[in-house]
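# Commentary on secondary and tertiary structure
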Amino acid sequence: MTHGGGSRAMASRAPVALILVVGCASPSDDDTPAMTGIGSVGDTQGSTTGASTTSDGTVASTADTTDPSSDGSGDGPVFDLGDATATGVDCTPVSADEQTCDGIDDDCNGFVDDIDAAGDGICDCLEIALFGQPGSLASSQFVMWLNLQGTSTERIDPAVVDAQTLAAYDVIIIDQLSRAYAPAEAAAFSDWVEGGGGLMAMTGHTADPTSAQTWPNGLLAAFELAYAGPLLNGPVTDFPPHPIGAGLTSVTFAGGFAVTETNAGVSDVVGQLSEGPVARARSFGDGKVFVWGDEWIEYDSEWSSMPEITQLWVNALDWLRPADLCAPPPG
Ligand SMILES: [Ca+2]
Ligand SMILES: [Ca+2]
Ligand SMILES: [Ca+2]
């Protein structure tokens, strides 16, 4: 995925020649307000899945050229981006700062789509999928919360998983699974991670070993990680040095499982109980995998008593995001 894996990114980077019209964008012409439009979940998703076109379709063109006089404004300079993936020395800025989640380094600071308008620590350009069914706590509004942080997040539970299904996302978070997955579907997951995707897994929605361990383990096998053992209870207060655990001292863990390696040494322990590791993380190809042994961290009803959980999500999403997406400016 090289960050190029997302459907938005792939679509916007496909052309070899791209000309943008800038300087004519009113606030409504820009994706940024939509990306940070608190409460406009549908708008947010819609605005970022349309490849390089903005909400009103005026800014970008993915084919041939855009005549600056054809958009009705005619008051902006035209920049030839050349290769749409351009950044660094060959990059021509189209704006003074990063403007749109379009797979283009607008300001040529070396980082594509590095936008976090609200300063909440979660990149506004991330496209996230919650994969599977939500947990049992009706109070959970986790998908909405992720969208409120500026991301484009949706829940999916596809009948068949293939490369095209996964390519639309930068980060996929496995939630409660409702079935076993075929080897070809598991392979699609591992290929997606190897290409740059960020995969996180949760479990513990039920004690049933088939749905809580066997099914997710089928997807995690390629990464040599697995849920195992009896139900465990936290909270997790032991966070060995790792970016995901940075600043954390206590995070809920209520009826979850140990996270084990099927090949010793392939991962780092992110969190552990007295019984052993319950969170592990590893790199895999160009992507990353983070496996957490419980699901209560998605229940925002818990966050009022454990505000560190939101920091866990900030840390996890920053670690999981594609390496060339949303990074802060160098230096
Ligand atoms: Ca940039
Ligand atoms: Ca951009
Ligand atoms: Ca944000």
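Remember, predicted model here, so these are calculated numbers, not experimental data.

### Notes on unusual backbone geometry
- That bond from G234 to P235 is cis: its omega, 15°, falls within 30 degrees of zero.
- Mapped onto the fold, P235 is located in the loop between β7 (225–233) and β8 (254–261).
- In this model, C108 sits at a positive phi of 55°, which is unusual for a non-glycine residue.
- Among the secondary structure elements, C108 is positioned in the loop between β2 (78–80) and β3 (127–131).
- Positive phi is not limited to glycine here, since D113 has a value of about 55°.
- Following the sequence through the fold, D113 ends up in the loop between β2 and β3.
- With 31 C-beta atoms counted inside 10 Å, the residue D113 sits in the buried group.

### What to know about the sheet that holds strand β5 (residues 171–174)
- In space, the 7 strands of this open sheet follow the order β4-β3-β5-β6-β11-β10-β9, with mixed pairing throughout. Each edge of the sheet is formed by a strand with only one pairing partner; in this case those strands are β4 (152–156) and β9 (268–273). For this sheet, the mean angle separating the axes of adjacent strands, direction not counted, is 15°.
- Here helix α6 (residues 183–194) sits on the sheet and contacts β6 (198–201), β10 (276–284) and β11 (287–292); the angle it forms with β11, its principal contact strand, is near 120°.
- Sitting on the sheet, helix α8 (residues 308–320) touches β5, β6 and β11, and the angle it makes with β11 is about 150°.

### Examining the pairing of β11
- A large share of β11 lies buried, amounting to 6 of its 6 residues.
- Here β11 shows no split at all, with G287, V289 and V291 on one side and K288, F290 and W292 on the other all buried.
- As judged from the 4 bridges shared by β6 and β11, these two strands associate in the parallel manner. Across the sheet, M200 pairs through a bridge with F290, a residue of β11.
- In this sheet, β11 lies alongside β10 in antiparallel orientation, the contact comprising 6 bridges. Across the sheet, A281 pairs through a bridge with F290, a residue of β11.
- The hairpin formed by β10 and β11 contains 2 residues between the paired strands, and G285 there has a positive phi angle of roughly 60°.

### A look at α6
- For α6, which comprises 12 residues, the first-to-last C-alpha distance of 16 Å matches the rise-based estimate of 16 Å (1.5 Å per residue) to within 8%.
- The elements touched by buried residues of α6 are α5 (163–167), β6, α7 (209–220), β10 and β11.
- At the C-terminal side of α6, G196 shows a positive phi close to 125°.

The rules behind each value
- Residues numbered from 1 in each chain as written.
- Chains lettered and ligands numbered in written order.
- Predicted model: local features only at pLDDT ≥ 70, side-chain atom pairs only at ≥ 80, totals over all residues.
- Helix = DSSP H or I, 4+ residues; strand = E, 2+ residues; numbered from the N terminus.
- Buried ≥ 20, exposed ≤ 12 C-beta atoms within 10 Å, placed from the backbone.
- Pairing = 2+ DSSP bridges.
- Axes fitted to C-alpha atoms, helices over the stretch in contact; angles between N-to-C directions.
- Contact = placed C-beta atoms within 7 Å.
- Expected span 1.5 Å × (residues − 1).

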